[in-house]
Amino acid sequence: ADGEYLLTLTAVDFAGNTYTTSATYYIDTTAPELPTALAATGAAGSITLTWTASVSTDVIGYQIFMSDTEAGIAAMTEPTRTVGAVSSSTFETAANETKYFMIKALDGAGNVSSATAVVSAVASKDEQNPAMKYLAPENGYASRYPNVYLSLRAQDNFRIKQFVIEYKQKEA
């Protein structure tokens, strides 16, 4: 039956000396309550899931299931991703693709809740240019050394794929 159990071990040697130790363990076969208010929101190249945490106090994480079809998600037995005790997770995905999601709560004993309802979202196309936030050395920098050490920082609403840096002597 579910509950707290105490295991006690006593070792006795041939001289009659004893040593006793004990440990507490728990039997928990009760599934946690499922999370609620699952929502999926598409953005540039990604979909973010948000939910309200399970009310069960022993939840250690959530199993997230993602599929290209609603029928496909119903057939899944293994999660796409397992996250800790958080209330959101973001997935990168191609623009204009619909993804379907459901989640389950996971407790410390390994019990899994029933699944949430399936939600879906579409990732939008990234149409915003990245912005250069910092570049050093600054324009007009002078040095007597032939090597220039660069430092840069850029920002984008999705992610930056690459930096292309060209370094050449300016033509007279």
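Provided above is the structure to which this section pertains.
In this text, all values refer to a predicted model and were calculated from it rather than measured experimentally.

Counting its regular elements, the protein contains 1 helix and 11 strands. The C-alpha atoms of the protein give 27 Å as radius of gyration, which overshoots the globular expectation for 172 residues (16 Å, by more than 25%). With respect to the three principal axes, the spread of C-alpha positions in the protein is 95 × 55 × 25 Å. For the protein, with 172 residues in total, the buried portion stands at 24%. For the protein, contacts bridging at least 24 residues in sequence account for 55% of all contacts bridging at least 6. Accessible surface, the protein: about 12300 Å² in total, of which carbon and sulfur atoms supply 51%. Taken together, the 11 basic and 18 acidic charged side chains of the protein have centroids lying 20 Å from each other.

This part takes up the sheet that holds strand β5 (residues 59–67). A sheet is described by the order of its strands in space; here 4 strands give the open sequence β6-β5-β8-β9, paired in antiparallel fashion. Because the sheet does not close on itself, it has two edges, and the strands there are β6 (81–83) and β9 (119–122). Ignoring which end each strand starts from, the neighbouring axes of this sheet average 30 degrees apart.

Further remarks concern the pairing of strand β3 (residues 36–43). Pairing of β3 with strand β4 (residues 46–52), which is carried by 6 bridges, proceeds in the antiparallel orientation. Within β4, the position partnered with Ala40 by the bridge is Leu49. Between β3 and β4, which pair antiparallel in sequence order, lie 2 residues; one of them, Gly45, sits at a positive phi of approximately 70 degrees.

Parameters and conventions
- Every chain is numbered independently, its residues counted from 1 as its sequence is written.
- For a predicted model such as this one, the threshold for reporting local features is a pLDDT of at least 70, and the threshold for listing and counting side-chain atom pairs is 80 or more; totals across whole chains, interfaces and linings nevertheless cover every residue.
- Only hydrogens and water are set aside when side-chain values are computed; all heavy atoms of the structure are taken into account.
- Put simply, DSSP marks the helices as runs of H or I at least four residues long and the strands as runs of E at least two long, and each gets a number from the N terminus on.
- The globule rule used for comparison is 2.2 Å times the number of residues to the exponent 0.38, while the radius of gyration itself is calculated over C-alpha atoms.
- Here's how the labels work: a residue is buried when its accessible area is under 20% of the maximum for its type, exposed when over 50%, partly exposed in between, all with a 1.4 Å probe on protein chains only.
- Residues count as neighbours in contact if any of their non-hydrogen atoms are within 4.5 Å of one another.
- Note on areas: Shrake-Rupley, 1.4 Å probe, and residue coverage restricted to the protein chains presented here.
- All tallies of charge rest on Lys and Arg as positive and Asp and Glu as negative; His and the ends of each chain are not included.
- By convention, the point assigned to a charge is CZ for Arg, NZ for Lys, CD for Glu and CG for Asp.
- Strands pair, by our definition, only if DSSP identifies at least two bridges between them.
- To get an axis, a line is fitted to the C-alpha atoms, and for a helix only the part in contact is used. The angle between two axes follows their N-to-C directions and goes from 0 to 180 degrees.

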